[in-house]
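The chain contents come next:
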Amino acid sequence: MNNNTGYARRMTKYAAIPDLVALFMEESGESERWVTVRDLRERYSLSRYQAGTITGFLHRLEFSTYGQFPYIVKKVELIEREGRSSPLRYRYLVARRTGRSAHRSSYRDTEAVPAGTMATEYEAGKA
């Protein structure tokens, strides 16, 4: 099974994930904000088993669009671990899509991570 088939199967199983991400953004009233999978899970009482689907959807928004979905992911950052055995966690800069272009490079924030932030760029060379 290729990755696209698995992703499609998960999204069918949890079809509400795009709606929940949009609702989360609309509730904040902000056009751009940092979001973690934990934020979404806690806000909507989702199980740990749905974390992979949420992560997959957010990563998809970083590299492409999801139909007419009004948001994109501008940046992904690795959050500093609490301990050596702690799982890797990421935060996603979700922003309202503007303009006609849907390609993420049109929205990339090329500024460095602000001083004092305990996060590092997700992949080297993407800043």
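What you see is a predicted model, and the numbers here were worked out from it, not measured in a lab. Each chain has its residues counted from 1, following the order in which its sequence is written. Note on the predicted model: pLDDT of at least 70 is required for a residue's local features to be given, and 80 or more for side-chain atom pairs to be given and counted; whole-chain, interface and lining totals, by contrast, use all residues. Side-chain numbers here rest on the full set of heavy atoms in the structure, without hydrogens or water.

K.L.:
Would you take a moment to explain helix α4 (residues 51-63) for this structure?
P.N.:
Each α-helix turn comprises 3.6 residues. Residues three or four places apart therefore point the same way. With 13 residues, α4 extends 19 Å from end C-alpha to end C-alpha; this agrees with the ideal 18 Å at 1.5 Å per step. Every buried residue of α4 is listed here: A51, T53, I54, F57, L58, H59, L61 and E62. Strands here mean DSSP runs of E at least two residues long; helices mean DSSP runs of H or I at least four residues long; both are numbered from the N terminus. Take the number of residues in a helix, subtract one, and multiply by 1.5 Å to get its expected span. In this scheme, a residue with accessible area under 20% of its type's maximum is buried, one over 50% is exposed, and one in between is partly exposed, where area comes from a 1.4 Å probe on protein chains only.

K.L.:
So what exactly am I meant to see when it comes to helix α2 (residues 17-28) here?
P.N.:
The end-to-end C-alpha separation of α2 is 17 Å, in line with the 16 Å expected for twelve residues at 1.5 Å each. Restricting attention to buried positions, one finds in α2 the residues I17, P18, L20, V21, A22, F24 and M25. Looking at the residues trailing α2, positive phi occurs at G29, about 75°.

K.L.:
Looking at this model, I keep getting lost on unusual backbone geometry. Mind explaining?
P.N.:
What is expected of a backbone is that most residues other than glycine have negative phi and most peptide bonds are trans. Even without being glycine, S45 reaches a positive phi, approximately 50°. Relative to the elements of secondary structure, S45 occurs in the loop between α3 (37-44) and α4.

K.L.:
Could you clarify how one ought to interpret the nonpolar core in this entry?
P.N.:
Nonpolar side chains tend to gather and get buried jointly when the protein is soluble and globular. In plain words, nonpolar cores are sets of buried Ala, Val, Leu, Ile, Met, Phe, Trp, Tyr and Cys residues tied together by side-chain atoms within 4.5 Å. Counting 22 residues, the largest nonpolar core has L40, L58 and V94 as its most contacted members. Top element by residues in this core is α2. It accounts for six residues. Residue contacts are counted whenever heavy atoms from the two residues lie within 4.5 Å of one another. In contact with L40, other than residues within four places in its own chain, are L20, V21, F24, V35, L46, I54 and L58.

K.L.:
What is the right way to look at the packing of α3 against α4 in this model?
P.N.:
Packed helix pairs are specified by the crossing angle of their axes together with the interaxial distance, meaning the distance between the axes. To obtain an axis, a line is fitted to C-alpha atoms, over the contacting stretch when the element is a helix, and the angle between two such axes runs from 0 to 180 degrees between their N-to-C directions. Relative orientation of the contacting elements α3 and α4 amounts to 125°, with a least axis distance of 10 Å. The angle between α3 and α4 places the two elements in the oblique class. Note on packing geometry: the crossing formed by α3 with α4 is right-handed. For the pair α3 and α4, contact is made by V37, L40 and R41 and by A51, I54, T55 and L58, respectively. If an angle is under 35 degrees, it is roughly parallel; if it is over 145, roughly antiparallel; if it lies from 65 to 115, roughly perpendicular; otherwise it is oblique. Each crossing gets its handedness from the near helix: less than a right angle anticlockwise from the far helix is left-handed, clockwise is right-handed.

K.L.:
What is the right way to look at the pairing of strand β3 (residues 89-96) in this model?
P.N.:
Side-chain positions along a regular strand alternate between the two faces of the sheet. Direction of pairing for strand β1 (residues 32-36) relative to β3: antiparallel, over a ladder of five bridges. Looking at the pairing, W34 lines up with L93 of β3. Strands are labelled as partners when DSSP assigns at least two bridges between them.

K.L.:
How should the environment of Y90 be read in this particular structure?
P.N.:
Position of Y90 relative to the elements: it lies in strand β3. A relative accessible area of 22% means that Y90 is categorised as partly exposed. Each C-alpha atom, one on Y90 and one on T36, is 6.4 Å from the other, the two residues being 54 residues apart in sequence.

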